[in-house]
Each structure stands twice: as C-alpha cells, then as structure tokens.
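Below are the chains, spelled out letter by letter.
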Amino acid sequence: MEKGNLIEFRLQGERRLAVLDRPEGKKNWVVVDEQGQSRTLSPKQMSYCLDRQSYQPSDLPAFQAEVDTYLDPSSLEVAWELLSEDGESVAPEELALLLFSDSTPAQCYAAHRLLCDDKIYFKQKGDRYEPRPASQVAELKHQLEAEALRQQAWTAFLERIAQALAGTPTDWDSSDRSHLDALERYATLGDEAPGRSAAHDVLSALNRPLTPQGAFDVLVDLGLWSPHENLFLRRTQIPTHFSSKVLDVAQRCLTNFPPDTEPNRLDLTHLKLYTIDDASTQEIDDGLSVEFLEGDRQRLWVHIADPTRWLTPGDELDLEARRRCTTVYLPTGMTPMLPPELATGPMSLNAGQTCCALSFSVILNPDGSVDEFSIHPSLVKPTYRLTYDDVDEMLELGLRAEPEIAAIGEWAKIRHRWRQSQGSIFIDMPESAIKVNDDDVTIEVLDNSASRQLVAEMMILAGEVAARYAQEHNLAIPFRHQSQPELPPEEELLQLPAGPVRACAIRKCMPRSEMSVFPNRHASLGLDTYTQVTSPIRRYTDLLTHFQLKAHLRGDSQPFSSEQVQQLMMSVMVSAKEAVLVERQTCRYWAIEYLRRHNQETWQALMLRWIRPDDNLGSLLLEEIGIEFVWRFPRSMQPGERFQVRVTYADPREDSIQFQEVVDSPAQV
C-alpha cells in the first residue's frame, strides 16, 4: 500500500471510501475521506484496496459516481452461469473483465461491491469467490422471495394499522392475524406469552411502550378489544366459540331430528307445568307440577329438560359439552356448554311447546320425607313461564286460580323444615346479580324470597331422588357429598349478630363439597345421599347422570363404567373450578368498576369478621349491593358494627379498591 491508494473501510457497518495519506507507526495508515476527515486505520480494518492509481480525496465523489453505473446485481447471474459450469472461483478484477470487458479501477471496485453484496450466486473463500451450486442458488432465491413477500405484507399491515388508528374502517388481511394474535397473547399473558418478540416488533413500529399494557392499549385503540376486555377469560382454556363442525351438527339436529332412544315416553302433557326463572334466563331446564290425588294426597313432579334426547355418549355434541363442562355465566353474558340454537330451543322447556323431559315423581310424607318416588322419560308441555317475582306475588295473594303454586310452596316449606331436622345448615348470605348491558353496569341484591326457596327445595328434592335411585340400583353417577363441619359452639354463634355476620362465621367453617362415584352424606343439605341432576343443559355432571339414569330406566347397560365416570368427574372438576374462578374474578372486576363510577356516593357497610386482627385486616359487606371486600380497618370494630364508607380509589384492572370511613360532622349550633 502506498500514499494515494484508494481503500474501502466500514464505519458502524456503513461502507466508506478514503485515500491513504501517510503511514502511522509500523502498520497503520492515516486515511482521508471525501469530506477531508482523517482517521487512523489498521490493514485489518480495510476491506478493499485499489493500488494501481493515485487518488486525492477530492476525486472520490466522481469515482463513486462512475462505480454506481456498473452496480447492476442482475449481471451476476450471467457471470454465475458462465463460471458455475466449471466451478471456477473468481477475483473482483477477473469478474470485472468478464462483466465489463475491462478492468479499470472503477470496474474492479464495482465487481468487488457486487460480490460483497451478493447473497445468492457466490460465496467468499479467502480473496476469491466461488459460484454456489445450482440447488443452493434456487433455495436462496426462494428464501429471498419469501422474505420480500413477508416484508411487503408487514408494510401493508402497518399501513392498515395506521388506517385503523386514524379511525378509518379497515378490512384486515388474513396475514395480519399472526401479528394481532401476538399482541393479544402479550396483552393477556405478559412476559410469559409465547412469541413475545413478535408483539414487541409491532409495538416498536408503532412507537408504543413494549409492555403488556401497551399491547392492550393498541388493541383497544384499534377497536379490536373493549376497554373492559375480559383477560380472566382469555387466560383460561374455556372456549368462547363453537367450531363450524359442532354448529353443523347442531343445525342437522334442528332440521333432521335424530331418533329418540325413548319411544315409550310417559305423556304428561296434561299436567299444568310452571317454569320459574329470572326474566333473563334463556336455558330453561326445569319445571314444576303438582297432581292432586284421592285422599287429599298430592304428587309433586319435578320436570328436567332432557338434552340427551338430542345427543348420545361420545358424539360430537357430547364431546363438546365435556370439553366445556359448564355454562359460564358472566355479567356481560354467558358462554354456553351446548350450542345455543339447541340449548335455548328444543332442549329447553319452552312454554306452549311439547318438550322431552326426565320427570321425577315424588309423594312426600307429612313430615317432608320421601314416601314414594319414580323417574320417567316424559313428554311435557309447559303451561306458564313465570319469574321469581311473579311467583312471590302469587304466593302472597294466594290466587285461587293457581292452587298448584300454593301447594308446591307449602311442600317446599315442609321439606325445608324436614331437612333442618336432619341437620341441614342454611347459610343466608346476600347474593348479587351484576349485569353489563352496553357498558351500563347494574347490581341487584337477590332476596332469598319464598319463590327462590320453593325452587331450591324442589331441585334438592330431585337430586335426592336421583341419588337414591342410583344407589338402590348400584349405578355409577357423580354423587355429591360434604363432610360434617366443625362449627363454633352454639353459645358462641348466638353472641354474634343474626344475619350475615353469623352466616359468615358458619360459612368459614364449611368444608368444600366433593364428588365421588360412591354415595355419602351431604352435611349442609342434611341428606344421606345426593346428586345434582337438574341442570343438564348447563352442567356436564348433570348430563352424565341423565345418561346413566335413562339407560337403566329403559333396561340398557350403563354407557359409562364406574372408572369412566370417575375419570370424567376428575376432568370436569378441573374445568369447573377454572370456570368458577373466572366468574368470580369477572364479577369482582365489574363490582370494582361499578364503585369506581359511583365514587361520590356513600355506602352502608357492615363489619363481617376479622381476618388478621393484629393487622386490622377484616371483611366488610356493602349492604346496598351485597358484595364483600377485604379492608384494612382504620380503627377497632366489632363484627356487626355498621358504618359508612366512600371509595377513594378503584382500578378493576389492577384488582384494587380503597375505602375511607365517612364520619358525620357534629351538628353546628
């Protein structure tokens, strides 16, 4: 190398040209670029040297302009085709002769540039370049074409993102789904989300924070998510949509009824049948009748919807119900266990329609214990669809036109007293219904009215009868049981105020109810054997019990063995626990959001119990909305003490709420 030689070097990855000016030490050189800036480089930092001519820094712009005229990457393909036949390697100077029929300094440097930038045809080996095999060239071309298409799709995606963020209606392309899915996963799962880097790429391109909240905000701004998107639900395995395959099966059931496995159903269409539910209930799975017999005897009928009329064990609908295991009820709506076209249609006990049912016939003794019972696949025709308010009014007025309601109500009271005599434990805690309609949040405290007690007692009665039948005939079904709780001494309970405070103290001692294929006592219900059988449209264990009962009633073998029932119970229990958790989390979210929106109001609070007295941590009940919160009390209180609070901070997304006690100021004299 000599003074005046043109060299190439890299500065922060960018290619630069300079001229050798003078040696610096034994090996280094001081070079000057076209802007007159000098720097010291070692030979290793120089990626190319033209030593056949002397240059001045001022010559560099013209030299670069001449080089640019030769930089046609497509010309390399011609050279590759010529050289690949013999596998000959080539130096930049030789390539210049091959491409340009000359080897001027500008042409040699242009050949060097083409070879350095080439990613397809040649690979460097020392100072020379070898042609790649044809198969490798074809694969590299394919990869580059695919990358170009990906980059094109990425650019188009960002353009659509910009349109959507600007409020312009946007038709998303199918290729956008992977980017949007990455954002959704990151917003939902945070740093544990798979493919987090893909979400970061989108957020970086939008200059948004690389955080789960940043991803959440983008999805809201795009109109793809609500500001109140249910992340609790998204973090679970609970399906929110039915597959097209399942929907097709449901549609075929509606248009071409499957054969009924019960050709000899008991015709009970002559009975007056009442369904009693909340006004918003869509899946109507139970109804009640009473039959007046000779000798002033009465037969109670509990009619349960028969969805197994429309499906069989192991078919597409049954497997889908197993996978979902339960209908999930949220303030914003429900996620059904079975396709709604069936669940709210022919499977439900809809008024005025002839419906398939599983009917439980029961004659009670005067004390409320069961005297006689039988179970029948049946045909029924619901007469009235009533709400709880309707029935409460009918019971209060004692309507003579509907003596059946009064009779059922009286038996419900007798039945309740009998269960109390058997040791049942009744916990009367407030229950709330939170509803969200078009972003309007309402909370209603559900009174434990006579109508609700009536329905509850009849459902418990059907559960006892189903369990007794299964026990007598050695059927494997999901029996429910609960061990006897260790309650505080009665004198200790009586010292607590009656109502929620005392009920809360009892609830704290109650063990969880469990399921087993073996019958056992259910302590809080006061029953020696019990199962849930009255909600087969929305609870898979009830559906499973229907399969087993109906098979035995028609003389068939059990569709599920004891081991299979046990396995199904274990699977369903896991999914059901997940569903219950989502329901609780979602209700709590909307309760906090409701209080956030009403942060100027004062609420009546009831001190329920201490959780950690040393830390002043306890539980309070907001009586107007029937919802409990854990709170660090600012002063000493006794369970049962009432006081007023106001919300000082509420953030449902953070699951955080803070209260402040409101103390009335003394009256001014």
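This report concerns the structure included in the present document. (Residues numbered from 1 in each chain as written. Predicted model: local features only at pLDDT ≥ 70, side-chain atom pairs only at ≥ 80, totals over all residues. Heavy atoms only, no water.)

1. Side note on the sheet that holds strand S5 (residues 46-50)
Point 1. Strand order in this open sheet of five strands is S4-S3-S2-S1-S5, and the pairing throughout is antiparallel. Pairing within the sheet leaves two strands with one partner each, and these edge strands are strand S4 (38-41) and S5. For this sheet the average axis-to-axis angle between neighbouring strands, irrespective of direction, equals 40°.
Point 2. Where strand S1 (residues 6-11) and strand S2 (residues 14-24) come together, six bridges link them in antiparallel fashion. Paired with Phe9 across the two strands is Arg16, which belongs to S2.
Point 3. Against the sheet, helix H1 (residues 60-68) makes contact with S1, S2, strand S3 (28-33) and S5, and its axis sits at roughly 140° relative to S2, the strand it touches most. (Pairing = 2+ DSSP bridges. Helix = DSSP H or I, 4+ residues; strand = E, 2+ residues; numbered from the N terminus. Axes fitted to C-alpha atoms, helices over the stretch in contact; angles between N-to-C directions. Contact = heavy atoms within 4.5 Å.)

2. So, the pattern of salt bridges
Point 1. In total, this model carries 47 salt bridges according to the counting rule given.
Point 2. Among the salt bridges present, the one from Arg234 reaches Glu229, with a minimum N-O distance of 3.0 Å.
Point 3. For Glu229, a relative accessible area of 16% corresponds to the buried category.
Point 4. When the shortest N-O distance is used, the salt bridge between Arg297 and Glu372 registers 3.7 Å. (Salt bridge = Lys/Arg side-chain N within 4 Å of Asp/Glu carboxyl O. Buried < 20%, exposed > 50% of the residue type's maximum accessible area, 1.4 Å probe, protein only.)

3. Details of the packing of aromatic side chains
Point 1. By the definition in use, this model includes 20 aromatic pairs.
Point 2. Measuring from centroid to centroid gives 5.6 Å for Phe216 and Trp225, while their planes differ by 70°, and the two rings are edge-to-face. Just as Phe216 is buried, Trp225 falls in that class too.
Point 3. Their ring planes at 55° and their centres at 4.9 Å tell us that Trp631 and Phe633 sit as a pair that is tilted. The same class applies to Trp631 as to Phe633, namely buried.
Point 4. Ring-pair connections join several aromatic residues into one group, and the members of that group are Trp610, Phe629, Trp631, Phe633, Phe643 and Phe659. (Phe/Tyr/Trp six-rings, centres within 6.5 Å; stacked < 30°, edge-to-face > 60°.)

4. Considering the packing of helix H5 (residues 134-165) against helix H7 (residues 196-205)
Point 1. Closest axis-to-axis distance for the H5/H7 pair is 11 Å, and the angle between their directions is 55°. It follows from the interaxial angle that H5 and H7 lie oblique. When the axes of H5 and H7 are compared, the crossing they make is right-handed. Contacts between H5 and H7 involve Trp154, Phe157 and Leu158 from the first element and Asp201, Val202 and Ala205 from the second.
Point 2. For the contact of H5 with H7, the residue count by class is five nonpolar, no polar and one charged. (Parallel < 35°, antiparallel > 145°, perpendicular 65-115°, else oblique. Left-handed = near helix turned anticlockwise from the far one by under 90°. Nonpolar A, V, L, I, M, F, W, Y, C, P; charged D, E, K, R; others polar.)

5. Section: the pairing of S3
Point 1. Of all six residues that make up S3, five are buried, and the element is covered over most of its length.
Point 2. Sheet topology note: the S2/S3 ladder contains six bridges and is antiparallel. Each residue of the ladder has a partner; that of Val19, found in S3, is Val32.
Point 3. Hairpin connection of S2 to S3: three residues between the antiparallel strands, including Gly25 at a positive phi of 75°.
Point 4. Note that S3 and S4 share four bridges and pair antiparallel. Counterpart to Val32 in the pairing with S4 is Ser38.
Point 5. In textbook terms, the turn of a hairpin is the stretch between consecutive antiparallel strands, and for S3 and S4 this stretch comprises four residues, one of which, Gly36, has a positive phi near 80°.

6. A short note on a negative patch on the surface
Point 1. A contiguous patch of negative charge on the surface is contributed by Asp389, Asp390, Glu393, Glu396, Glu444 and Asp447.
Point 2. In terms of residue count, the dominant contributor to the negative patch is helix H13 (residues 388-397) (four residues).
Point 3. Within the fold, Asp389 resides in helix H13.
Point 4. For Asp389, a relative accessible area of 59% puts it in the exposed group. (Patch = residues over 30% accessible without salt bridge, like charges linked within 9 Å, V, L, I, M, F, W, Y side chains within 5 Å. Areas by Shrake-Rupley, 256 points an atom, 1.4 Å probe, with all protein chains shown as cover. Lys, Arg positive; Asp, Glu negative; His and termini not counted. Charge placed at Lys NZ, Arg CZ, Asp CG, Glu CD.)

7. Details of the side chain of His416
Point 1. Position of His416 relative to the elements: it lies in helix H14 (residues 403-421).
Point 2. Apart from the residues lying within four places of it in its own chain, the contact partners of His416 are Phe426 and Glu457.

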